[in-house]
Amino acid sequence: VVAVYGYSDEHDKIHKYPKLIAAVKKAVKTFRKANKKAMVMLAGDLNAYKDEHLDTNATGGTETIPRHAQVIHAFEDMGLVDVFRRKHPQSRAVTRMPQGQQQQVSRRLDYIMATKQLAEHRMTRIGIHALADTTSDHVPVVMDVPLDLAGVAETAMPTWEPREVTQLRRRN
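Residues numbered from 1 in each chain as written. Predicted model: local features only at pLDDT ≥ 70, side-chain atom pairs only at ≥ 80, totals over all residues. Heavy atoms only, no water.

Participant: Before we move on, could you go through the overall build of the protein and cite the residues and values that matter?
Facilitator: Helices and strands together make up the secondary structure of the protein, namely five helices and six strands. Helices (α) and strands (β) of the protein occur, in sequence order from the N terminus, as β-α-β-α-β-α-β-α-β-β-α. Out of the 172 residues in the protein, the part that is buried amounts to 34%. (Helix = DSSP H or I, 4+ residues; strand = E, 2+ residues; numbered from the N terminus. Buried < 20%, exposed > 50% of the residue type's maximum accessible area, 1.4 Å probe, protein only.)

Now the structure itself:
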């Protein structure tokens, strides 16, 4: 799992995103080289979105390609899939609702991205917990994933020895 926090400052988005993307790319490449069959998951507040219609509550549709979608495209180029969008391709959804700023648009800025095998697995489920009790202006993205960790172990190690138990009852 790679945890990412995207830059919220416009200047940082322009000047620091390339370094963030390079660091994530290096971490993913190093991990995949050492673990050829392993799945990769990236999660975090990317402070970016791809589709103004699907990923915001905007009604005007002013941006055809949002300015900071390049970070999402870069992660996709690494073989990672936006799991929410894969499972819900036409659902309008947001994860950040500005508090006390009625004119500001709500956006889907929080993502879980994963390798295709994990993103498309029939047992993978993902959603946005809209009723979360939080003081944050973000709501959590939650995901259930199928993990077969026992199958990864080279040799099975018993966790306990089988025992025979005899229960004694007291007579009244």
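Participant: So what about the pairing of strand 4 (residues 110–115)? Which residues, and what values?
Facilitator: A regular strand places its side chains on the two faces of the sheet in alternate fashion. Among the six residues of strand 4, six are classified as buried, and the element is accordingly described as predominantly covered. As paired elements, strand 2 (residues 41–45) and strand 4 share five bridges and run antiparallel to each other. By the bridge assignment for strand 4, Asp 45 is matched with Asp 110. As judged from the three bridges shared by strand 3 (residues 80–82) and strand 4, these two strands associate in the antiparallel manner. Residue Asp 82 lies in a different strand from strand 4, and its bridge partner there is Met 113. (Pairing = 2+ DSSP bridges.)

Participant: Give a detailed account of the pattern of salt bridges, specifying residues and quantitative values.
Facilitator: On inspection of all chains with the given rule, the structure shows seven salt bridges. In this structure, Asp 55 and Arg 85 form a salt bridge, with 2.6 Å as the shortest nitrogen-oxygen distance. Of this pair, Asp 55 sits in the loop between strand 2 and helix 2 (70–77) while Arg 85 sits in helix 3 (residues 83–87), placing them 30 residues apart in sequence. Residues Asp 55 and Arg 85 agree in their burial class; the two are buried. Each of Asp 55, Asp 82, Arg 85 and Arg 108 takes part in a single network of salt bridges with overlapping partners. (Salt bridge = Lys/Arg side-chain N within 4 Å of Asp/Glu carboxyl O.)

Participant: Which residues make up the sheet that holds strand 3, and what values do they have?
Facilitator: Pairing in this open sheet of four strands is mixed, and the strands run 1-2-4-3 from one edge to the other. Two strands bound the open sheet, and with one partner strand each, they are strand 1 (2–5) and strand 3. Strand after strand, the sheet turns through a mean of 25° between neighbouring axes, direction not considered. Across the face of the sheet, helix 2 comes into contact with strand 1, strand 2, strand 3 and strand 4 while running at roughly 15° to strand 4. (Axes fitted to C-alpha atoms, helices over the stretch in contact; angles between N-to-C directions. Contact = heavy atoms within 4.5 Å.)

Participant: Pulling in residues and values, what's your account of unusual backbone geometry?
Facilitator: Among all residues except glycine, the phi angle is most often negative; among peptide bonds, the trans geometry is most common. A positive phi angle is found at Asn 47, which is not glycine, with a value near 50°. You can see Asn 47 is positioned in the loop between strand 2 and helix 2.

Participant: Could you give an account of the nonpolar core, naming the residues involved and the relevant values?
Facilitator: Grouped together as the largest cluster of nonpolar side chains are 21 residues, with contacts concentrated most on Val 4, Val 24, Leu 42, Leu 46, Phe 75 and Met 113. At the level of secondary structure, the elements contributing two or more residues to this core comprise strand 1, helix 1 (10–34), helix 2 and strand 4. Apart from the residues within four sequence positions on either side, Val 4 is in contact with Leu 20, Val 24, Leu 42, Ala 43, Gly 44, Asp 45, Leu 46 and Phe 75. Formed by twelve residues, the second largest nonpolar core is a distinct cluster that contains Ala 93, Ala 114, Val 141 and Met 143. (Core = buried A, V, L, I, M, F, W, Y, C linked by side-chain atoms within 4.5 Å.)

Spatial relationships are all this shows, so hold off on functional conclusions.
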